[in-house]
Each structure stands twice: as structure tokens, then as C-alpha cells.
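Report on the structure
Okay, here's what each chain looks like letter by letter:
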Amino acid sequence: MKIYCYLFAAFVLCGCTGEKKQNVEYISATHEVLDDDIMTTMPGTILIAGDFLVWENPFARDYFVHVHEKSSGNKVGVMGKVGEGPREFITGSISNSCVGNRIFAEDINGNTVGFLSIDSLVQGKDAFVQLTEDEKTSRPKLTEYVKDLYIGWTEDGDEHYFKAILNDKEVKFGNYPIPQVKEHVSNEMAYNRERGVLANVCSRFPYLALYKNDGETFSLVCERKSDGSEYEIRNGKIVFDRKVGGIFELCMSKDYIIALQRDRTKDDMDESTVGRNVSKCPHHVFLYDYEGNLVKIVDLGIPVMRIAAEEKDNTLYAIGANPEYVLVKYKL
């Protein structure tokens, strides 16, 4: 692993108010291959679920959710049957969070909605769990990050950017990334259950916001944003420069907020040409501390499309290309 330091270019993400400029470590990391047989045209959501690593294949023809042992990468099985039956998914989609070893799943083009149980899969049972009658009517249309804590977005034009169900109460909070226009832009959220910290980023321009769960609502900790050169406002609408981007994937580890973003000082890829071409994906992650300070930039050595981590350690899991899709992990 190679390490050296340099002063981070301020135009990529302007720091939080009062932040002092600091040296940032630049690290070249080496991956460990967990599975070199990832058969998909494009991987979807990847997440950690206890002892397991879960990833989604949105274009699968049999089962769209794959489960591996987190430590070894060994395949445990598949769940989420593709089809048009009552317990099947035409176009399945899973949550980016797992609560109680169950992952919420719904059919984008069908009516199936329920949970996929990893415990049932391990026991050789049908992994699909239907919603109870009460859940069908009372479950919020938000993402559950901790039991009974749901977080999502408001509608465009609302005074606040987020809404949450916290202690059985609905609360609204948060800033619009581009405050001149009350419009939700391409978002990615992650929640650290140990710290009670919510992170929000945008894929269309460099932006990072951190909020702290204080038990009653979420309070802003820090906002980092660019100088605004990646967009302009025309007739009250945001028009982005499609050639540049922001943070494409987000996860949170014990010590770091991990952002998959392009180091444009070394890689000025035209983002409008990337599409599903994994070879053009970023090969850097930016590591921020829980006060929003950038502390490290890590060269992963291969282009990466999806990342995942958990609060217990600083291991990063990723799906990238070498040159075909591979499931790998890094010690950060």
C-alpha cells in the first residue's frame, strides 16, 4: 500500500463553515477477491446484512438477489424469484438497509411487496415473507434504517428536504442541496446506526450533508458543496452539466463516510459517456470523518460501480471490474 499526502484541491468540495484546510492522505489500496463470477449486465444495490453480503441483479431471469458469506465470499444462495406469480417479482427492487435480517423488497412493475428473509434462506425455506395486514396499511413509504426509524424525502417545493418517522412521530428537516430551487436532485442516503448520523449526497454535482439524530429530529452537522460550476439555473429549473458528476455511491464504516467519486485531478472522464460501461466508472473513494472533513482519498486499483460497508469496522466491499465484474473487499 502506497501512502503520500497532498493539499486537497478546494474546488472539488468546498468545506464546512469554519473548517481548516488540512493535508489529505492519498492511498493506493489492494483488494481481496471474494467472488470473480458475478454474472450480471449491471449490479444494483449492495449491502451488508449481519454476517452476509447481499447484492441485487436487476436484470435477472430467475432470482434477483444474491447472498454471500461476508467473511469468505462463499455463495449462500439466491432469493427474490422473478416472475408474474403472487410471490414473484417482474422487476424486483430491494432497500439499501437490512433490519432483523430481512430486506424490504417491492416490484416496480408489479404488485408484489414484502420482505426477503436471509434467515429463511439459510434454513432452506422460502425466503419471501408477506406483509401483515397491518403492515400493508400502516408501513410508511420510506426506508427503514433501524426498527421503527423510517427516513425519506419530501415532495419538491416542501420547506424541508427530508421527512422521517422518529419515535412514532413524523418530522421534517434538512436543506435543499441547491437552495435557490426547491427541487430534489439525484440523491443517495446512508445511515450509521451506531452514531445516529445520516449522510446525503448527490450524483449530479459534488455535495455531502450530514445530519445527527438527536432523538426528536435530525440536526445539520455539516454541508460540503462545490462552487456551483457544475450547474446553472434556467427559468427556475436546475440544468446540470452532464459531463461532470458528484458522488455516485455512499456507505458508512466505523470511522469513515465513504464516497465513490471521481478524482477529477487525475481522471477527467466525461460522465455523459459512461452509461453501463463499468470500465469507465470511478476507481477512487473519498473518506470523510463524521464531522465532514476529508481525510483520505483511496485509489481502489479497479473501476468500481457499487460499494458497501458497516459500522463495526473499516472494511469496504465493492463490485467492480477486473475486467469482468468481481466482488472484492478492502481494508481501509
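Computed from a prediction, not measured in an experiment: that's the story for all the values here. (Residues numbered from 1 in each chain as written. Predicted model: local features only at pLDDT ≥ 70, side-chain atom pairs only at ≥ 80, totals over all residues. Heavy atoms only, no water.)

1. A word on the nonpolar core
Where we set the bar: As used here, the term nonpolar core means buried Ala, Val, Leu, Ile, Met, Phe, Trp, Tyr and Cys residues forming a set that is joined through side-chain atoms within 4.5 Å. In this scheme, a residue with accessible area under 20% of its type's maximum is buried, one over 50% is exposed, and one in between is partly exposed, where area comes from a 1.4 Å probe on protein chains only. Each helix corresponds to a stretch of at least 4 residues labelled H or I by DSSP, and each strand to a stretch of at least 2 residues labelled E; elements are numbered beginning at the N terminus. The criterion used for residue contact is that any of the two residues' heavy atoms lie within 4.5 Å.
Residues I151, F173, L198 and F218 are the most contacted members of the largest nonpolar core, which totals 25 residues. For this core, the elements supplying multiple residues, two or more each, are strand 13 (149–153), strand 14 (162–166), strand 15 (169–173), strand 16 (187–192), strand 17 (197–202), strand 18 (207–213) and strand 21 (237–240). When near neighbours in sequence (up to four residues on either side) are disregarded, L198 contacts I151, F162, F173, M189, A190, Y191, A209, L210, Y211 and F218. The next biggest cluster of nonpolar side chains, apart from the first, holds 20 residues, and it includes A49, F89, I94 and A105.

2. Notes on the sheet that holds strand 16
How we decide: Strand pairing is defined by DSSP finding a minimum of two bridges between the two strands. Axis definition: a line fitted to C-alpha atoms, limited for helices to the stretch in contact. Angles are taken between N-to-C directions and run from 0 to 180 degrees.
Reading across the sheet, the four strands line up as 16-17-18-19 and stay open at both edges, with antiparallel pairing between neighbours. Looking at the sheet topology across the chains shown, the edges are occupied by strand 16 and strand 19 (218–225). Between one strand axis and the next, the sheet turns by 15° as a mean value, whatever way the strands run. Relative to strand 17, strand 16 is paired through six bridges, and the arrangement is antiparallel. Pairing of N187 across the sheet is with C202, part of strand 17.

3. With respect to the packing of aromatic side chains
Two aromatic rings, taken as a pair, are described by how far apart their centres are and by the angle between their planes. Quick reminder of the rule: Here the aromatic set is Phe, Tyr and Trp, taking the six-membered ring for Trp, and pairing holds for ring centres within 6.5 Å; pairs whose planes are under 30 degrees apart are stacked, those over 60 apart are edge-to-face, and all others are tilted. Geometrically, a charge over a ring is one whose NZ (Lys) or CZ (Arg) sits within 6 Å of the ring centre while staying within 35 degrees of the ring normal.
By the definition in use, this model includes 15 aromatic pairs. Each ring, one from Y191 and one from F218, has its centre 6.2 Å from the other, and the planes form 70°; the classification is edge-to-face. Taken together, the positions of Y191 in strand 16 and F218 in strand 19 put the pair 27 residues apart, joining distant regions of the chain. Here Y191 falls in the buried class, since its relative accessible area comes to 10%. Accessibility expressed as a relative area gives 4% for F218, which makes it buried. The residue whose ring lies beneath R139 is F104, and the NZ or CZ to ring-centre distance is 4.3 Å. Note that K266 overlies the ring of Y26, its terminal NZ or CZ placed 4.8 Å from the centroid.

4. Structural notes on the pattern of salt bridges
How we decide: By definition here, a salt bridge exists when the distance from a side-chain nitrogen of Lys or Arg to a carboxyl oxygen of Asp or Glu is within 4 Å.
In this structure the tally under the stated criterion is 14 salt bridges. For R139, the salt bridge goes to E144, with nearest N and O atoms at 3.4 Å. Linking E271 and R264 is a salt bridge whose minimum nitrogen-to-oxygen distance equals 3.4 Å. On the accessibility criterion, R264 (26% relative accessible area) is partly exposed.

5. Overview of the environment of E324
Among the secondary structure elements, E324 is positioned in the loop between strand 27 (315–321) and strand 28 (325–331). Taking the C-alpha atoms as reference points, E324 and V274, separated by 50 residues in sequence, lie 16 Å from one another.

6. Notes on the pairing of strand 14
Strand 14 sits mainly inside the fold: four of its five residues count as buried. Relative to strand 14, strand 13 runs antiparallel, the two sharing four bridges. When the sheet's bridge partners are listed, I151 is paired in strand 14 with A164. In textbook terms, the turn of a hairpin is the stretch between consecutive antiparallel strands, and for strand 14 and strand 15 this stretch comprises two residues, one of which, N167, has a positive phi near 55°.

7. Description of the confidence of the model for the protein chain
For the record, the criterion: Per-residue confidence from the prediction method is given by pLDDT, with values spanning 0 to 100.
Counting all residues, the mean pLDDT for the protein chain is 93, and 94% of those residues have values of 70 or more. Here residues 1–12 is a poorly scored stretch, pLDDT under 50, and it has 38 contacts once near neighbours within four places are set aside; other chains count.

8. Some details on the pairing of strand 23 (residues 257–261)
One face of the sheet, then the other: side chains in a regular strand alternate in exactly this way. Counting buried residues in strand 23 gives five out of five residues, a clear majority hidden from the surface. Neither face of strand 23 is left uncovered, since the one carrying I257, A259 and Q261 and the one carrying I258 and L260 both have all their residues buried. Across five bridges, the pairing between strand 22 (residues 247–252) and strand 23 is antiparallel. Looking across to strand 23, one finds that I247 is bridged to Q261. Between the antiparallel neighbours strand 22 and strand 23 lie four residues. The pairing of strand 23 with strand 24 (residues 284–288) spans four bridges and is antiparallel. Paired with A259 across the bridge in strand 24 is F286.

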